[in-house]
Amino acid sequence: MCEIHTFMKYNTNYIYFNGNQNIKMTKSTPKIRLNTQQFAQTYYGERGYREMLQNILDSGYTHVDRTGVGRRKLFSQKLVFDLQDTFPLHSSRPCPLSFAFKEYQAFLSGRSDIHDILSKEGIDFWKGNTSREFLDKAGLTHVAEGNMAKAYGFQLRNYNGDFDEITQQAIPDSGVDQIKEVFESLKKNPFGSRHYVTMWNPAQLQEMALPPCWHSHQWLVIEHKGVKFLNLEVTSRSADTLYGTPFNIQQYAYLLKAFSEALEMTPALLTCELIDAHIYENQIEFTKELLTRKFSEEPCSIEFKKKLSTIDDIISLTMDDITVNMPDEFVNKKKFVTPKPPMAV
């Protein structure tokens, strides 16, 4: 009787004849293994964010990418923030909440002319990804410069809907208003597990200036001692951890805070799952300097100056409706020695 056992580490077949071992080496070269020790890591607060950056620098794998800049990346990095303790304003370098807030409010409006909206506020996040050259390269020759077409806010407020080439906006009521639907579902069935929103629409990816990076989020309500706690998990397919992530964290922390207040709940955990967590190659030296800078772990908070009770109350908020409470000199505004690298587009 013959049994064949394969030991995969060395691709070796061991053949047994009636219990007597006869060895035949088919290959002697060890298999190549991926070092996954730093994959699927969890980090807490801004200290954890900085630890993640260091891990990407030390253990990340370098690849070419769509932008041509190249990126150093790790798989599945999770950032956790407990809003019961603090609001996650960023202190390692200036990342104004006002910029994060205004971009997300533009998404919540459902409008597609994103750069036109934000440039009036002095924010140029979308300049490169809605330029005439970028849109034409994406095959969106019918889309006006400064417009993202069916991306981001379009899918939030008009999922799978139609785009009017004349107005350069979504055709009203041609798709699903996910934001209003999820708000109502949280009100009517708070303990359900279907409170899910996604901007990822495979049927319309080719009609977007840029497919969404932070593309989906899910709400979960936990009741404890008669208090409803609202939690939020966000998924990012591709996270520019140096430039984008600090703003994205503040955006979803704001959304969690606003939804909690309007739903008469208490904000709890914000978790951010970064699938492709990367630092661009032109950001390496800037990131190294960032990690030498002082940061603060003192608690911060935001408050709304007007009562929130409906989704329209949230959508209509402006920065003037928010009070930001943070310690003096919380943000490290010291000038960097390393020149700030351009954004990869």
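See the structure shown above.
All values reported here derive from a predicted model rather than from experimental measurement.

Draft legend 1. View of the overall build of the chain. Along its length, the chain carries 9 helices and 14 strands. The dimensions of the chain, computed from C-alpha atoms along their principal axes, are 80 × 55 × 50 Å. Counting across all 345 residues of the chain, residues that qualify as buried make up 50%. The contacts in the chain between residues at least 6 apart in sequence include a share of 64% that link residues at least 24 apart. Within the structure as shown, the chain displays about 17,700 Å² of accessible surface, and the carbon and sulfur contribution to it stands at 51%. Positive and negative side-chain charges in the chain, numbering 39 and 42 respectively, have mean positions lying 6 Å apart.

Draft legend 2. Looking closely at unusual backbone geometry. Residues other than glycine seldom take positive phi values, yet Ala40 does so here, at roughly 50°. Relative to the helices and strands, Ala40 resides in the loop between strand E3 (20–24) and strand E4 (41–44). One non-glycine residue, Lys225, lies in positive phi territory at about 55°. Residue placement: Lys225 occurs in the loop between strand E10 (214–224) and strand E11 (227–240).

Draft legend 3. Molecular detail of the layout of surface pockets. The volume enclosed by the second largest pocket comes to roughly 370 Å³. Considering the residues around the second largest pocket, the lining is formed by 22 residues, among which Gly45, Glu46, Phe81, Thr86 and Pro88 are closest to the centre. Contributing elements (two or more residues each) for the lining of the second largest pocket: helix H1 (45–59), strand E6 (71–82) and helix H7 (245–262). Ranked by the residues each element gives to the lining of the second largest pocket, the list is headed by H1, at 4 residues. Taken together, the residues of the lining of the second largest pocket sort by class into 11 nonpolar, 5 polar and 6 charged.

Draft legend 4. The environment of Thr271, seen in detail. Structurally, Thr271 can be placed in strand E12 (residues 266–280). The spatial distance from the C-alpha of Thr271 to the C-alpha of Lys78 is 6.8 Å, given a sequence separation of 193 residues.

What counts and how
Residues numbered from 1 in each chain as written. Predicted model: local features only at pLDDT ≥ 70, side-chain atom pairs only at ≥ 80, totals over all residues. Heavy atoms only, no water. Helix = DSSP H or I, 4+ residues; strand = E, 2+ residues; numbered from the N terminus. Buried < 20%, exposed > 50% of the residue type's maximum accessible area, 1.4 Å probe, protein only. Contact = heavy atoms within 4.5 Å. Areas by Shrake-Rupley, 256 points an atom, 1.4 Å probe, with all protein chains shown as cover. Lys, Arg positive; Asp, Glu negative; His and termini not counted. Charge placed at Lys NZ, Arg CZ, Asp CG, Glu CD. 1 Å grid on protein atoms, 1.4 Å probe; cavity = no way out; pocket = protein on both sides within 12 Å on 5 of 7 lines; lining within 4 Å. Points joined across faces, edges and corners; volume = space filled by probe spheres on them. Nonpolar A, V, L, I, M, F, W, Y, C, P; charged D, E, K, R; others polar.

Everything listed here is a matter of geometry and, on its own, says nothing about what the molecule does.
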